[in-house]
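The primary structure of each chain is shown beneath.
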Amino acid sequence: MPGITSDATADLEMLAEGLFTGKSAKELDDLNAKLTGYVNLIPEPGLCVKMKDKSGKKLFLNLCTSDRVPALPRDISEEELVAALQADDVSFKVPMSIGEPHNETDHAGESCVAYEVVINPTLFTKLDSSEIFYQFFLSLALEGMEHKYGLAIDRNTTVILRGKKFYGTLMEQRVRTKPKLITELGRSVFLLLLSVSSTDFGNQNLQFR
């Protein structure tokens, strides 16, 4: 097949075979992700954080999970994180997918905006049980949202909505299975940005603006 490598041809044959041999949807999704480098997912709800931007507009961060998002490259303890922060020497990669904003309505009937940030379930378990990891990760997520969408978030307004795992409707995300862009955020912490705009397939939507 001209212009297609033997590996790609083999993958195409595997995908075609799967359509006719009763492979599971998960197996076909895995083959599709291998071929395209992308996967569509609807994240699992985790927790919801309410906040405002500096103009006073209400925002919601739906912190969600998916095993399609890579875990931390290596596990670190709370003690390691504290020591690294105190030494101003934090250097590890944090994979997350920051989804597109979607308009919602709050309980007072006022307009607001919600965002999904998706991480691996193992990382969610860690920050859900550690205030230090939660605060550290939240600062990364908010900074990522600000860079990607030009927001100015008032950090003093962030509140976890206890008993509420998400606000509005969780939106499908198109996520890179192998992140190609690594963006540095402050103290040598690297945010692996995985999300892709549903309206634009190009790499420019992976760049912080």
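Above this note sits the structure.
A.B. asks: Looking at this model, I keep getting lost on the packing of helix α3 (residues 78-86) against helix α5 (residues 131-149). Mind explaining?
C.D. replies: To characterise two packed helices, one gives the angle between the axes of the helices and the distance between these axes. With their axes 10 Å apart at the nearest point, α3 and α5 run at an angle of 50° to one another. The orientation of α3 with respect to α5, classified from their angle, is oblique. The crossing of α3 and α5 is left-handed. Contacts between α3 and α5 involve Glu78, Leu81, Val82 and Leu85 from the first element and Ile132, Phe133 and Phe136 from the second. Of the residues that constitute the contact of α3 with α5, the class distribution is 6 nonpolar, no polar and 1 charged.

A.B. asks: Explain the pattern of salt bridges to me, please; I cannot follow it from the model alone.
C.D. replies: Two side chains carrying opposite charge are able to pair once their charged atoms lie near each other. In this structure the tally under the stated criterion is 4 salt bridges. For Asp75, the salt bridge is made with Lys126, and the minimal N-O distance between the two is 2.9 Å. Of this pair, Asp75 sits in the loop between β3 (58-65) and α3 while Lys126 sits in helix α4 (residues 121-128), placing them 51 residues apart in sequence. By relative accessible area, Asp75 is classed as exposed at 59%. Linking Arg155 and Glu146 is a salt bridge whose minimum nitrogen-to-oxygen distance equals 2.8 Å. By relative accessible area, which is 36% here, Arg155 ends up partly exposed. Judged by its relative accessible area of 17%, Glu146 falls in the buried class.

A.B. asks: Explain the pairing of strand β4 (residues 93-98) here, please?
C.D. replies: On any regular strand, side chains alternate: one points to one face of the sheet, the next to the other face. In terms of burial, β4 is a largely internal element, 5 of the 6 residues being buried. Of the pairings in the sheet, the one linking β4 to strand β6 (residues 111-119) comprises 2 bridges and is antiparallel in character. Of the residues in β6, the one forming a bridge with Ser97 is Val118.

Calculation criteria
Residues numbered from 1 in each chain as written. Predicted model: local features only at pLDDT ≥ 70, side-chain atom pairs only at ≥ 80, totals over all residues. Heavy atoms only, no water. Axes fitted to C-alpha atoms, helices over the stretch in contact; angles between N-to-C directions. Helix = DSSP H or I, 4+ residues; strand = E, 2+ residues; numbered from the N terminus. Parallel < 35°, antiparallel > 145°, perpendicular 65-115°, else oblique. Left-handed = near helix turned anticlockwise from the far one by under 90°. Contact = heavy atoms within 4.5 Å. Nonpolar A, V, L, I, M, F, W, Y, C, P; charged D, E, K, R; others polar. Salt bridge = Lys/Arg side-chain N within 4 Å of Asp/Glu carboxyl O. Buried < 20%, exposed > 50% of the residue type's maximum accessible area, 1.4 Å probe, protein only. Pairing = 2+ DSSP bridges.

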